[in-house]
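# Report on the structure
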Amino acid sequence: MVNTVGSCENKYWHKKWIPIKKELKLNAKQKALIIGSLLGDGTMCIGKGARNANFKVEQGLKQKDYVGWKYRILKPFVFTEPKISYRYDENGKKYAKSWWFRTIRHPALTQIYKKFYVEKSYRNGKKIVPPDLEEDMNPLALAVWIMDDGSFSRKNIDISTYSFSLLEINFLQKCFRNNFDIKANYYRDRDKGYRIYFNQEETKKIIKIIHPYIIPSMMYKIGFRNPVTTGILS
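Residues numbered from 1 in each chain as written. Predicted model: local features only at pLDDT ≥ 70, side-chain atom pairs only at ≥ 80, totals over all residues. Heavy atoms only, no water.

### Focus on the confidence of the model for the chain
Looking at the chain as a whole, the pLDDT averages 88, with 86% of positions reaching at least 70. In this model residues 1-13 is a low-confidence stretch, pLDDT under 50, and it forms 20 contacts with partners more than four residues away in sequence or in other chains. Across residues 228-234 the pLDDT falls below 50, and counting only partners more than four positions away or on other chains, this stretch makes 17 contacts in the model. (pLDDT = per-residue confidence, 0-100. Contact = heavy atoms within 4.5 Å.)

Below you can see the structure in the form of structure tokens.
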């Protein structure tokens, strides 16, 4: 049977899963993962002819463990396992690009979509920072955001926030201050956009907050040399 996750192409498949889909509800962990991912690399859409949104995870080939971790948490909403996405180079040669999976479409996901997206054609819109983010920004969501888009260098954490406006960056600073008592700074990275960063003292605070939620393969995002050692990168 052809994979029709998120579509109504196969009527038998659609009818078969309706009872299961109706019983599904996002738990707190699943919601935090999606919130953190949408601040980072995650995407959502409502395709042409669809009523509800789905959520897509896609990471580089080296992040297979991370994709698998997200999949296991969201598994009730995902009817096909993660797979490799392939592309073709300029010579027509096929190559592996990333690991990815997509959830089913569901009303609970649509509620989140409507917070994070300004709709455009076919209801596939521009991602924004929702005005009620403070209500959903918890340690797990922050950990996922940093695992997605954070980096560690010279004992400082910074986050790629190129897609957000200066007004949104200022709002994110407020969220850090109110939710975690952390001071976030930012700088403009040439013509790319803005990056949020934290000095060494604020970085220590962040690490203390999110360390319990960082999976072994992503420990380098908070300065650990590898999943086994506890040595901090300089």
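### Quick word on the packing of helix α2 (residues 28-39) against helix α4 (residues 107-116)
The contact between α2 and α4 brings their axes to 12 Å, and the two run at 30 degrees. It follows from the interaxial angle that α2 and α4 lie roughly parallel. Seen along the crossing, α2 lies across α4 with a hand that is right-handed. Of the residues in α4, those touching α2 at Lys31, Ile34, Ile35, Leu38 and Leu39 are Leu109, Ile112 and Phe116. Considering only residue class, the contact of α2 with α4 consists of 7 nonpolar, no polar and 1 charged. (Axes fitted to C-alpha atoms, helices over the stretch in contact; angles between N-to-C directions. Helix = DSSP H or I, 4+ residues; strand = E, 2+ residues; numbered from the N terminus. Parallel < 35°, antiparallel > 145°, perpendicular 65-115°, else oblique. Left-handed = near helix turned anticlockwise from the far one by under 90°. Nonpolar A, V, L, I, M, F, W, Y, C, P; charged D, E, K, R; others polar.)

### A few points about the sheet that holds strand β4 (residues 94-102)
Strand pairing in a sheet relies on backbone hydrogen bonds, with the paired strands running either antiparallel or parallel. Read from one edge of the open sheet, 4 strands run β1-β2-β4-β3, paired in antiparallel fashion. The open sheet has two edge strands with one neighbour each: β1 (43-45) and β3 (83-88). Each strand of the sheet is rotated relative to its neighbour by a mean of 35 degrees, with strand direction disregarded. In this structure, β1 lies alongside strand β2 (residues 54-60), joined through 3 bridges in antiparallel fashion. (Pairing = 2+ DSSP bridges.)

### With respect to the packing of α2 against helix α6 (residues 139-149)
Put simply, α2 and α6 touch, their axes get as near as 7 Å, and they point 40 degrees apart. Taken together, the axes of α2 and α6 are oblique relative to one another. Handedness of the crossing formed by α2 with α6: right-handed. From α2, Lys29, Ala32, Leu33, Ile35, Gly36, Ser37 and Leu39 reach across to α6, where they touch Leu140, Ala141, Val144, Trp145, Asp148 and Asp149. Looking at the contact of α2 with α6 residue by residue, the class counts come to 8 nonpolar, 2 polar and 3 charged.

### Remarks on the packing of aromatic side chains
Applying the stated criterion to the full structure yields 8 aromatic pairs. Considering the side-chain rings of phenylalanine 176 and phenylalanine 180, the 6.3 Å spacing of their centres and the 50 degrees angle between planes classify their relative orientation as tilted. Here the residue phenylalanine 176 and the residue phenylalanine 180 both occupy positions in helix α7 (residues 166-180), the gap between them amounting to 4 residues, near one helical turn. Exposure class is identical for phenylalanine 176 and phenylalanine 180. Each is buried. For the ring pair tyrosine 187 and tyrosine 197, a centre distance of 5.7 Å and an interplane angle of 55 degrees mean the geometry is tilted. Placement of the pair is tyrosine 187 in strand β9 (residues 185-189) and tyrosine 197 in strand β10 (residues 193-197), with a sequence separation of 10 residues. Assessed through its relative accessible area of 30%, tyrosine 197 is described here as partly exposed. Every member of this aromatic cluster is reached through a ring pair, and the members are Trp145, Phe176, Phe180 and Phe198. Over the ring of tryptophan 100 we find lysine 56, and its NZ or CZ is 5.2 Å from the ring centre. (Phe/Tyr/Trp six-rings, centres within 6.5 Å; stacked < 30°, edge-to-face > 60°. Buried < 20%, exposed > 50% of the residue type's maximum accessible area, 1.4 Å probe, protein only. Lys NZ or Arg CZ within 6 Å of the ring centre and 35° of its normal.)

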